[in-house]
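Chain residues, written in single-letter form:
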Amino acid sequence: TAGITQAPTSQILAAGRSMTLRCTQDMRHNAMYWYRQDLGLGLRLIHYSNTAGTTGKGEVPDGYSVSRANTDDFPLTLASAVPSQTSVYFCASSDRPTSGRVYNEQFFGPGTRLTVL
Amino acid sequence: AQTVTQSQPEMSVQEAETVTLSCTYDTSESDYYLFWYKQPPSRQMILVIRQEAYKQQNATENRFSVNFQKAAKSFSLKISDSQLGDAAMYFCAYRRSASNNLFFGTGTRLTVIP
């Protein structure tokens with residue numbers, strides 16, 4: 001089982017250009033997430049989706065958009081990249097959150113290193 | 001808002017010795033989960049151990065154990081018999097029970113000295 005794949009592995013992008021980071025999971029998880037990791041700041045949630053067709057904003061959503069057309073794919077789009085979006089981006093997935101004490105482990109992809117110049 | 005604080009940017013330990021990484025968090029929730037993730041140089045995020053807030057017993061996974069102090073909102077990770085492969089960034093994370101959204105600390109870089 002591949003788990004979660006992300007593409008590209010790394011990318012250098014000129015400021016002002018658009019970019020879509022791809023994420024695909026084969027675990028049939030309902031929920032998917034995008035995080036960014038910056039030095040000294042840990043991982044911060046950008047957007048999430050609890051099920052296909054729905055999305056929600058995380059801690060740092062500005063400048064990013066997502067879509068969830070199906071269960072497996074959760075692309076992250078930067079419409080007009082800026083240097084402050086230079087970061088490592090992680091996609092993750094888990095079972096859908098439920099009420100009560102149900103533990104849903106998040107599984108992470110290998111990350112995409114994006115540099116915006 | 002939930003916040004997770006790791007006050008030790010860097011720690012080091014002699015191989016075969018024991019080290020404790022600190023984490024504190026702030027929440028008004030009574031039901032939540034706490035996690036420690038390991039991130040080696042490969043960049044892959046690996047779940048090390050988790051703790052359910054409603055459980056009083058501290059979680060243990062082989063050489064890894066936690067000291068969960070709910071009243072103090074403290075969640076430290078103890079690594080026993082440290083190995084070279086334990087060298088990595090370690091992140092403490094929190095999520096409330098009815099949500100999957102994780103809140104991470106800023107991480108502690110652990111060096112293991114041969």
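Before going into details, it helps to say that this report is about the structure given with it. (Residues numbered from 1 in each chain as written. Chains lettered and ligands numbered in written order. Predicted model: local features only at pLDDT ≥ 70, side-chain atom pairs only at ≥ 80, totals over all residues. Heavy atoms only, no water.)

### As for the overall build of chain B
On a plain count of helices and strands, chain B comes out with 0 helices and 12 strands. Taken from the N to the C terminus, the helices and strands of chain B come in the order β-β-β-β-β-β-β-β-β-β-β-β. Whereas a compact globule of 114 residues would reach a radius of gyration of roughly 13 Å, chain B reaches 14 Å, a difference of no more than 12%. Its C-alpha atoms put chain B at 40 × 25 × 20 Å along the principal axes. Taken across its 114 residues, chain B has 50% of its residues classed as buried. Counting only contacts in chain B whose residues sit at least 6 apart along the sequence, the fraction spanning at least 24 positions is 55%. (Helix = DSSP H or I, 4+ residues; strand = E, 2+ residues; numbered from the N terminus. Rg over C-alpha atoms; globule rule 2.2 N^0.38 Å. Buried < 20%, exposed > 50% of the residue type's maximum accessible area, 1.4 Å probe, protein only. Contact = heavy atoms within 4.5 Å.)

### Quick look at the sheet that holds strand β3 (residues 19-25) of chain A
As a general point, the strands of a sheet are linked pairwise by backbone hydrogen bonds and lie either parallel or antiparallel. All names here are of chain A. If you trace the 4 strands from one edge of the open sheet to the other, you get β1-β3-β8-β7, paired in antiparallel fashion. Looking at strand neighbours, the two that pair on one side only are β1 (4-7) and β7 (65-66), the edges of this open sheet. Looking at chain direction, β7 and strand β8 (residues 76-78) are connected through 2 bridges and run antiparallel. In the sheet register, S65 faces β8, and the bridge partner there is T77. (Pairing = 2+ DSSP bridges.)

### Regarding the interface of chain B and chain A
The partner chain A presents 32 residues to the 23 residues of chain B that form the contact. In total, chain B and chain A occlude about 2100 Å² of area from one another, counting both sides; carbon and sulfur atoms represent 50% of this. The three residues of chain B that bury the most area against chain A are B:R43, B:N100 and B:N101, which together make up 31% of that side's buried surface. Taken together, chain B and chain A are joined by 4 residue pairs in polar contact (both at pLDDT 80 or more). (Buried area = accessible area lost by both parts, 1.4 Å probe. Polar contact = N/O pair within 3.5 Å; in protein donor to acceptor, adjacent residues only side chain to side chain.)

### A short note on the packing of aromatic side chains
Under the counting rule described, the total for this entry stands at 15 aromatic pairs over all chains. Ring geometry for A:F108 versus B:Y37: centroids 5.5 Å apart, planes at 80°, classification edge-to-face. Taken together, the residues A:F108 in strand β10 (residues 107-108) and B:Y37 in strand β5 (residues 32-39) connect one chain to another. Residue classification places B:Y37 among the buried positions, given a relative accessible area of 1%. Ring geometry for B:Y37 and B:F104: centres 5.7 Å apart, planes at 50°, overall tilted. Of this pair, B:Y37 sits in strand β5 while B:F104 sits in strand β11 (residues 103-104); the two residues are 67 residues apart in sequence, bridging distant segments of the chain. Exposure class is identical for B:Y37 and B:F104. Each is buried. Through a chain of ring-to-ring contacts, the aromatic side chains of A:Y33, A:Y35, A:F108, B:Y33, B:F35, B:Y37, B:F91 and B:F104 assemble into a single cluster. Positioned above the aromatic ring of A:F74 is the side chain of A:R68, whose terminal nitrogen or guanidinium carbon lies 5.9 Å from the ring centre. (Phe/Tyr/Trp six-rings, centres within 6.5 Å; stacked < 30°, edge-to-face > 60°. Lys NZ or Arg CZ within 6 Å of the ring centre and 35° of its normal.)

### Some remarks on the state of the cysteines
Within the structure shown, the criterion is met by 2 disulfides over all chains. Between the sulfur atoms of A:C23 and its disulfide mate A:C91 the distance is 1.9 Å. Here the disulfide of A:C23 and A:C91 is left-handed, its torsion about the S-S bond being about -70°. Of this pair, A:C23 sits in strand β3 while A:C91 sits in strand β9 (residues 87-94), placing them 68 residues apart in sequence. Comparing A:C23 with A:C91, the two get one shared label, buried. Bridging B:C23 to B:C92, the disulfide has an S-S length of 2.0 Å. The S-S bond linking B:C23 to B:C92 shows a torsion near -70°; that makes this disulfide left-handed. One end of the pair, B:C23, is in the loop between β3 (19-21) and β4 (24-26); the other, B:C92, is in strand β10 (residues 88-96), with 69 residues separating them in the sequence. (Disulfide = S-S within 2.5 Å.)

Spatial relationships are all this shows, so hold off on functional conclusions.
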